[in-house]
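Reading the structure
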Amino acid sequence: MYKVVIVEDEWLVLQGLKLTIPWEDMHCSIIGEASDGVTGLEVIQQEQPDILLTDIRMPAMDGIQLAEKAALLWPKMKIVFLTGFDDFTYAQKAVKLGAADFVLKPTNAEELIRVIGRITSKLDEEKQQQSLQERMELRYSWEHPLILEKMLYDLLLDYAGTMEKEWLLEYGGSSSEEFSSYRVILLQLDSLHTSGATGEQLKQGVKEQMAVLSTLPAVRIHENRYALVVNRIIDRAPLTEMLDQLSPLLPLIAKSHVLGASELCIGIDQLPTAYQQAMSALYQTVFVGQERMIWFEDMDRQQDPLRANYTRLEELIDLVKWGNPASIKEMTELWYSQLIHRHTDGLEARRRFFEYTVTLYSLLLRDSELRGIVLDSSFSLASAERVEETLELSLERLNTSLFEWNRKYTEQSDTHKKSGFEEIEAFIQAHYAEDITLQSIAERHHMSESYFSRLFKKQVGTSFLEYITQIRMRHAKELLTNPRLKIYEVSVQVGYQDSRYFSQIFRKYTGETPTEFRKRLGIESLPL
């Protein structure tokens, strides 16, 4: 949607422009209006529209002056002037300002539709050119290997969208053939014990070995864990042979190492699944003694963490955001008691516990609001040093991390409130009688609708709709005590154009109709 601001000092003309033009059909949305140039400039500064539709002749600041100042603030904005036949001098100045077009007053709706259509087509073309420019700039930036590694990181952990995939294939020096058939291998190096020149030489040797396996760079996932999309040697026997050649170097770099390999996968869209499989295999090494390499296809599929109860895990993630330590602990302990009841064998219970933790961690990293908090923590899924740790202690460790993430997220939300939530409430209090919606307020403060809805309910204690309705009903009661006001006038003044609907809402919230409310207060009932 292209954002439109209208500045017009004649109220009837302004309403006509708003109501007679099918703005949405032309992919436009009126996000601001003003009746003079001074107010119009304030709206432009706040909303930064794509299109400005302004009258030329206005008091205080005319349309030409407004356009001059606005063009400095937002040079990409398209300006359409509303002008009369006798405004030739003004029109000349407008041409010099680079006006997108003119529309004669009185305004013909069909003419304005054609003008806006031409402008939106021009904006579409400019957007395409800008996108192409960004793609070209990105193409040159791919020479830096860290960019490619970051893109692969996002793809593996399922952060990336369609555009990132297109960029990787189109400009990243990659092709769809590189993902036609591959495996993902995860390498975990614990307790690094070499440094300096010798350590760097060893690491370089490992990179050279990895280059034999893949056309893509190794990706550092977290701490000492690396992922490799193996696409040069994919059959298990030769791949095992190549990994055996790599293995003698790894003990020289780290005290211990383990590897997990995914199944054979096809297509770039399967990267997150392949990564999940490799991670699942990696953590199975905890339970198989001295085995340093686990293939996903060798695992018991009953233990596949991808089949875990995602609904329960998503509920736990919601508690990390909106709950408290007590509610988090209640859920994890309920799950833990069920785990112990179902799996009396200690080793099997431990397997299940780690599957649950691995899948939970993966989902946490996919949550845009929690990802940074989780990555910044010292949380560790598993390590060889903790194999002997009791499950009770593992649960306690997990809960400690969940409590910490809950605390940080709450602080983050409180900071958001301190920095702007009072402003949101003040805006609603001031504009309750207008057609304000949850979506419009969320967009105004650059939040997603769902995130704003949850944040609003957390901070205020009620839903957005409930909150604004309560405000409207409170003011309606005040207005209804004025016998000079008719009920439909009260309805309009508190934001309801339909007085019958207003009466229904009023009765729902107060238990009586507006007429009954007045009668109870001894105020003569006035007709609709």
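All of these numbers come straight from a predicted model, not from anything done at the bench. (Residues numbered from 1 in each chain as written. Predicted model: local features only at pLDDT ≥ 70, side-chain atom pairs only at ≥ 80, totals over all residues. Heavy atoms only, no water.)

Another aspect to go through is the overall build of the protein chain. Counting its secondary structure elements, the protein chain contains 22 helices and 10 strands. Across the 528 residues that make up the protein chain, the buried fraction comes to 46%. Here the analysis covers contacts within the protein chain between residues at least 6 apart in sequence; of these, 68% occur between residues at least 24 apart. When the accessible surface of the protein chain is summed, it comes to about 27,700 Å², and 51% of that surface belongs to carbon and sulfur atoms. (Helix = DSSP H or I, 4+ residues; strand = E, 2+ residues; numbered from the N terminus. Buried < 20%, exposed > 50% of the residue type's maximum accessible area, 1.4 Å probe, protein only. Contact = heavy atoms within 4.5 Å. Areas by Shrake-Rupley, 256 points an atom, 1.4 Å probe, with all protein chains shown as cover.)

Moving on, we get to the environment of G522. When you line up the elements, G522 lands in the segment after helix 22 (514-520). When its relative accessible area of 64% is taken as the criterion, G522 is described as exposed. Placed 41 residues apart in sequence, G522 and T481 show a C-alpha to C-alpha distance of 9.5 Å.

Turning next to helix 21 (residues 499-510). For helix 21, which comprises 12 residues, the first-to-last C-alpha distance of 16 Å matches the rise-based estimate of 16 Å (1.5 Å per residue) to within 8%. For helix 21, the full list of buried residues reads S499, F502, S503, I505 and F506. Buried residues in helix 21, looked at end-on, bunch into an arc of 165°, giving them a common side. Exposed residues on helix 21 whose side chains face more than 90 degrees from its buried face are R500, Q504 and K508. Considering only its buried residues, helix 21 is in contact with helix 19 (464-480), helix 20 (487-493) and helix 22. Between a side-chain oxygen at the N-terminus of helix 21 and the backbone nitrogen of R500 the separation is 2.9 Å; the capping residue is D498. (Expected span 1.5 Å × (residues − 1). Arc of directions from axis to C-beta. Polar contact = N/O pair within 3.5 Å; in protein donor to acceptor, adjacent residues only side chain to side chain.)

What follows concerns the confidence of the model for the protein chain. For the protein chain, per-residue confidence averages 78 on the pLDDT scale, and residues scoring 70 or more make up 79% of the total. A low-confidence stretch, residues 301-308 (pLDDT under 50), is modelled with 19 contacts involving residues beyond four sequence positions or located in other chains. (pLDDT = per-residue confidence, 0-100.)

Let us now look at the packing of aromatic side chains. Counted by the stated rule, this structure contains 7 aromatic pairs. Between F179 and Y182, the aromatic rings sit 6.0 Å apart at their centres with planes inclined by 90°, giving edge-to-face as the arrangement. Residue class for Y182 comes out buried when judged on its relative accessible area of 0%. Between F506 and F517 the ring centres are 5.6 Å apart and the planes differ by 75°, which places this aromatic pair in the edge-to-face class. Placement of the pair is F506 in helix 21 and F517 in helix 22, with a sequence separation of 11 residues. The class for F506 is buried, based on a relative accessible area of 0%. An aromatic cluster is defined as three or more aromatic residues linked by ring pairs; in this entry it consists of Y496, Y501, F502, F506 and F517. One residue, R472, lies across the ring of Y496, its end atom 5.1 Å from the ring centre. (Phe/Tyr/Trp six-rings, centres within 6.5 Å; stacked < 30°, edge-to-face > 60°. Lys NZ or Arg CZ within 6 Å of the ring centre and 35° of its normal.)

One pass over the full model with this rule turns up 8 salt bridges. The closest approach of N and O atoms between E404 and R407, which form a salt bridge, is 2.5 Å. Separated by 3 residues within a single helix, E404 and R407 lie in helix 16 (residues 391-431), roughly one turn from each other. On the accessibility criterion, R407 (36% relative accessible area) is partly exposed. Connected via shared salt-bridge partners are R183, R236, E297 and D298. (Salt bridge = Lys/Arg side-chain N within 4 Å of Asp/Glu carboxyl O.)

Further remarks concern unusual backbone geometry. At H27, a position not held by glycine, the phi torsion is positive, near 60°. Locating H27 in the fold gives a position in the loop between helix 1 (11-20) and strand 2 (28-34). Its identity is not glycine, yet Q48 carries a phi of approximately 50°, on the positive side. Position of Q48 among the secondary structure elements: in the loop between helix 2 (37-47) and strand 3 (51-55).

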